[in-house]
Amino acid sequence: MRDLQLSPDRTPNAEDQAKPEYVEIALPLPLRQTFTYRLPVGLRENVKLGARLLVPFGKRQLTGYAVALHTKISPELEIEEETVKEALELLDGEPLLTEEIIRLTQWSADYYAASWGEVLKASLPAGINATTEQVYSITARGRDELTKTASATTLKSQILRFLVEHNETSSRELTKKFGAAQSQRALREIIKAGWATVFHRTLTTQIKPKRRKAVRLLPPETDSPAQKPFTEAQTRIVETLLSGDGEASFTDLIERAEASASSINTLAKRGVLEVFVQEVRRDPLSKVDLPELLNLTLTDEQTSVLAEITTALEAGKYQSFLLHGVTGSGKTEIYIRAMRTVLERGKSALMLVPEIALTPVFSRRLRAVFGDEVAILHSNLSTGERFDEWRRLRSGAARIAIGTRSAVFAPLRNIGLVIVDEEHDSSYRQHESPFYHGRDAAIVRAHYANSVVVLGSATPALESFHNAHNGKYKYLTLPNRIGNRPLAQAELVDMREVFKAEGKDTIFSPALLEAIEETHSKKEQSIILLNRRGFSQFVLCRSCGETIRCNNCDITLTFHKREARLICHYCNHRERTPRRCPACESQYLYFIGEGTEQIEDILQRKFSALKIARIDRDTTGRRKSFEETLMAFSRGEIDMLVGTQMLAKGHDFPNVTLVGVISVDAGLALPDFRSAERTFQLLTQVAGRAGRGDLAGRVLIQTFYPEHYALRHAATQNYDNFYDEEIRFRKNLNYPPFVAIASILIKHPNYNYAFDNAQILRECLHRANAEKNCIVLGPAPAPLARLKNEHRLQILVKARNRVKLRETLDFAVHEAQEKFCDLRIVNVEIDPVNLL
């Protein structure tokens with residue numbers, strides 16, 4: 001085995017590929033190392049880089065990925081040759097992984113201190129990996145034993161009889177029949193006695209191309225003898241085929257021609273038609289209405305920006321751009337025209353969007369322009385749809401990929417352009433193993449491919465804007481909206497003054513209610529934002545002051561009225577809403593705080609004539625429900641949308657003239673150095689939904705903290721002023737982009753066990769940081785101290801030099817492992833976007 005501390009430029013040499021006897025395997029396990037296996041003679045001529053192999057690992061058999069081939073074992077690996085195990089099976093004749101993807105995943109694993117095998121697995125469609133199962137078979141000795149104890153009722157006798165009746169039986173079937181714990185113990189004794197044997201069987205992959213029977217007419221033979229006339233059913237079959245393009249699916253033909261399968265088979269025997277099996281593409285856009293293509297004229301600003309990008313595309317070298325364009329400035333049209341240039345040059349293009357919610361908008365428009373050249377990749381597709389789209393990209397049938405962060409690993413060849421839309425969005429960050437950032441991985445992929453990368457946003461990430469200032473990215477700007485439409489006029493509504501005037505807390509200020517009434521009297525639409533779902537934020541007992549909390553998390557449960565349940569938004573624990581306080585039996589329970597469900601409920605009562613729809617995670621669980629709601633709103637069938645941040649970005653509704661923000665104060669109060677930046681971005685983005693058509697837009701932002709600089713600058717939508725204040729704060733307190741940062745989370749159900757391991761790691765970090773190159777903070781309880789029944793301790797490590805940060809981390813983790821620190825409960829996250 002070898003530690004995964006590899007150079008991003010490492011590539012196998014020709015000697016390694018000549019006559020390989022050994023293969024280096026990355027396994028999809030939380031281990032930062034690869035493993036060396038001997039190749040059986042029969043596989044040595046066929047195995048290639050990127051192929052999947054079945055290999056033994058402990059008592060299991062796992063699917064691994066060939067990342068290097070060797071003719072001999074390198075002395076630096078310090079492996080005894082006799083200890084090297086043999087690979088069992090080659091699963092791919094042609095590798096699924098290209099060398100470009102292998103290189104990119106290796107960089108991701110190395111940079112983010114992640115498992116290379118897990119990153120490789122994440123780069124492939126779900127369900128494509130083969131799995132194995134243990135299979136038991138009775139031996140002759142076992143049959144003899146069963147004969148001797150024919151009347152016995154012991155568990156071992158029952159299992160032996162079951163094996164006789166079912167021949168080869170999987171461990172899953174035995175567990176289902178006899179129970180997990182008992183059957184495993186009995187099976188171990190049976191195997192030890194030699195009464196049965198156990199082996200592993202490879203299961204087929206969960207996904208494969210969809211195929212169906214089809215029928216097509218054959219050309220008539222000119223010299224064939226006269227045939228007897230067709231029956232009525234046969235005539236209908238031929239006429240149905242002729243009315244189309246000569247082909248039809250078997251089942252469709254039976255239905256349309258009102259004929260039987262035997263009539264079709266008879267015509268096939270007579271040579272009139274052919275029955276064959278065809279592959280059916282599962283197209284996610286097969287039943288959608290595509291937008292009308294418009295002949296748009298670029299503004300002078302758009303023309304200038306596109307010229308810069310086109311010049312870089314023609315140069316055929318790596319170039320990174322930060323495209324800073326206000327909302328409604330026409331960034332999408334620039335993306336499309338740049339893609340067209342790339343395709344004309346025989347290359348491919350990759351476009352990333354931060355959320356699944358945005359893919360319907362962009363994918364429809366791209367499909368309208370580029371047809372079947374476009375493939376979509378995101379997790380909301382069915383497994384079959386995603387597999388088919390991935391195969392089209394891999395084969396070159398599609399040359400434009402659009403998708404969420406995992407689409408950065410799309411198997412495109414000859415990439416000429418990479419686009420990251422809304423590049424600031426934290427959704428590009430994978431928040432569970434394997435950790436990676438889709439935007440940064442996209443930049444590296446463009447660099448490896450010598451292609452152009454465009455990072456687009458109305459509110460760039462602070463690090464990206466800083467990089468543009470320092471010349472790392474070329475800065476392009478679109479400061480004005482299309483048609484010189486003004487940005488929506490934003491106002492801060494001081495809810496302290498509202499409280500004084502009303503004498504009580506109110507959810508809606510009079511100004512917002514009046515604006516809603518006025519907007520809809522003009523037949524215009526509105527959007528109401530509250531970035532908190534549910535009906536009430538928590539339940540409080542007025543008698544004893546207790547709140548009802550999640551059993552698994554250090555979080556109050558949120559009340560969801562329609563489900564009549566209290567729900568944890570972190571682990572999805574659900575329980576009935578109590579009638580009395582669980583602590584003191586008091587009946588005086590108060591439902592505190594508001595969520596999108598309550599906002600929708602109140603607005604529906606106040607404005608009963610309006611058609612109101614809600615968009616949040618609770619209402620978009622059903623596939624395509626989000627898309628259907630957006631399309632209905634776009635057609636004017638819905639007057640008002642209420643929702644969370646899902647509404648804030650990328651959507652273009654020309655008839656929306658009012659955006660109301662109920663509150664963002666909770667976001668500002670989060671214990672995270674990015675809270676002000678995220679709040680500014682959210683407000684600026686949602687404000688950009690208003691006034692995109694010919695009508696002027698208005699934005700009302702309710703807050704108890706109107707003096708905060710993030711809110712003041714969001715109201716004027718002045719990014720530069722916000723950046724100047726925020727960058728000073730980051731510099732003074734040693735936060736990115738002036739330092740590199742790593743967050744280490746130690747998680748375990750037992751607090752003392754987590755704390756002891758955190759202390760070991762902290763001591764190792766102290767020794768590794770002898771030269772004081774880093775600032776080490778903690779361990780301390782994480783802001784969310786307990787989630788999913790695990791206590792969470794956090795250590796933060798900061799350094800002005802990224803190399804020093806990694807050296808300190810690697811040294812400390814290595815030493816901690818030698819001191820028996822349980823690294824299975826340790827998560828190291830490089831460049832975290834969230835410290836909660």
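Anything mentioned here points back to the structure above.
Residues numbered from 1 in each chain as written. Predicted model: local features only at pLDDT ≥ 70, side-chain atom pairs only at ≥ 80, totals over all residues. Heavy atoms only, no water.

Participant: Got a minute to help me understand the overall build of the protein in this structure?
Facilitator: Helix and strand content of the protein: 26 helices and 34 strands. Taken over the C-alpha trace, the protein has a radius of gyration of 31 Å; the compact-globule value for 836 residues is 28 Å, and the two agree within 12%. Each of the three principal axes of the protein carries a C-alpha extent, and together these read 90 × 85 × 65 Å. A burial count over the protein gives 53% of its 836 residues as buried. (Helix = DSSP H or I, 4+ residues; strand = E, 2+ residues; numbered from the N terminus. Rg over C-alpha atoms; globule rule 2.2 N^0.38 Å. Buried < 20%, exposed > 50% of the residue type's maximum accessible area, 1.4 Å probe, protein only.)

Participant: What is the right way to look at the pattern of salt bridges in this model?
Facilitator: Pairing of side chains with opposite charge becomes possible as their charged atoms draw close. Counted according to the given criterion, the structure contains 50 salt bridges. Taking the shortest distance from any N to any O, the salt bridge between Glu 627 and Arg 364 comes out at 2.2 Å. Of the two residues, Glu 627 is situated in helix α20 (residues 625–634) and Arg 364 in helix α13 (residues 359–370); the sequence distance between them amounts to 263 residues. We classify Glu 627 as buried; its relative accessible area is 14%. Looking at Arg 364, the relative accessible area reads 10%, which means it is buried. Taken together, the shared-partner salt bridges in this structure form one network comprising Arg 281, Asp 283, Arg 367, Asp 372, Glu 389 and Arg 392. (Salt bridge = Lys/Arg side-chain N within 4 Å of Asp/Glu carboxyl O.)

Participant: Even after reading the chapter, I still don't get the side chain of Asn 757, so can you show me in this structure?
Facilitator: Counting through the fold element by element, Asn 757 comes out in helix α25 (residues 751–768). Classification of Asn 757 as buried rests on a relative accessible area of 5%. Excluding residues within four positions of it along the chain, Asn 757 makes contact with Ile 746, Phe 820, Cys 821, Asp 822 and Ile 825. (Contact = heavy atoms within 4.5 Å.)

Participant: Quick question: what am I supposed to make of unusual backbone geometry here?
Facilitator: Apart from glycine, the bulk of residues carry a negative phi angle, and the bulk of peptide bonds sit in the trans form. Residues Ser 433 and Pro 434 are joined by a peptide bond in cis, for which omega reads 0 degrees. When you line up the elements, Pro 434 lands in the loop between β17 (415–421) and α15 (438–448). Phi angles above zero are rare outside glycine, and Ala 113 is one such case at about 55 degrees. If you trace the backbone, Ala 113 turns up in the loop between α2 (99–111) and α3 (116–122). Taking the relative accessible area as the measure of exposure, Ala 113 reaches 19% and is therefore buried. A positive phi angle is found at Glu 422, which is not glycine, with a value near 50 degrees. Relative to the elements of secondary structure, Glu 422 occurs in the loop between β17 and α15.

Participant: Hey, could you run me through the sheet that holds strand β34 (residues 826–830) in this one?
Facilitator: Two strands in a sheet stick together by hydrogen bonds in their backbones, pointing the same way (parallel) or opposite ways (antiparallel). Spatially, four strands are ordered β32-β33-β31-β34 in an open sheet, and the strand pairing comes out antiparallel. Both outer strands of the open sheet, β32 (774–787) and β34, are each paired with one neighbouring strand and no more. Sheet twist, expressed as the average angle between the axes of neighbouring strands with direction ignored, equals 20 degrees. Pairing between β32 and strand β33 (residues 790–799): eight bridges, direction antiparallel. Bridged to Ile 775 within β33 is Lys 798. The strands that α25 touches are β31 (740–748), β32, β33 and β34; relative to β33, the one it contacts most, it runs at about 15 degrees. (Pairing = 2+ DSSP bridges. Axes fitted to C-alpha atoms, helices over the stretch in contact; angles between N-to-C directions.)

Participant: Explain the environment of Lys 19 here, please?
Facilitator: With respect to the helices, strands and loops of the structure, Lys 19 is situated in the loop between α1 (14–18) and β2 (22–26). Taking C-alpha positions, Lys 19 is 8.7 Å from Leu 69, a pair spaced 50 residues apart along the chain.

Participant: In this structure, what is going on with the pairing of strand β18 (residues 452–457)? I would like to understand it.
Facilitator: Within β18, six of the six residues are buried, which leaves the element mostly enclosed by the surrounding structure. Residues Val 452, Val 454 and Gly 456 of β18 are buried on one face, and the alternating residues Val 453, Leu 455 and Ser 457, pointing to the opposite face, are buried as well. Of the strand pairs in this sheet, β17 and β18 are connected by five bridges, and their pairing is parallel. What sits directly across from Val 420, in β18, is Leu 455. Crossover β17 to β18 through α15 is right-handed. (Right-handed = clockwise from strand over helix to strand, strands pointing away.)

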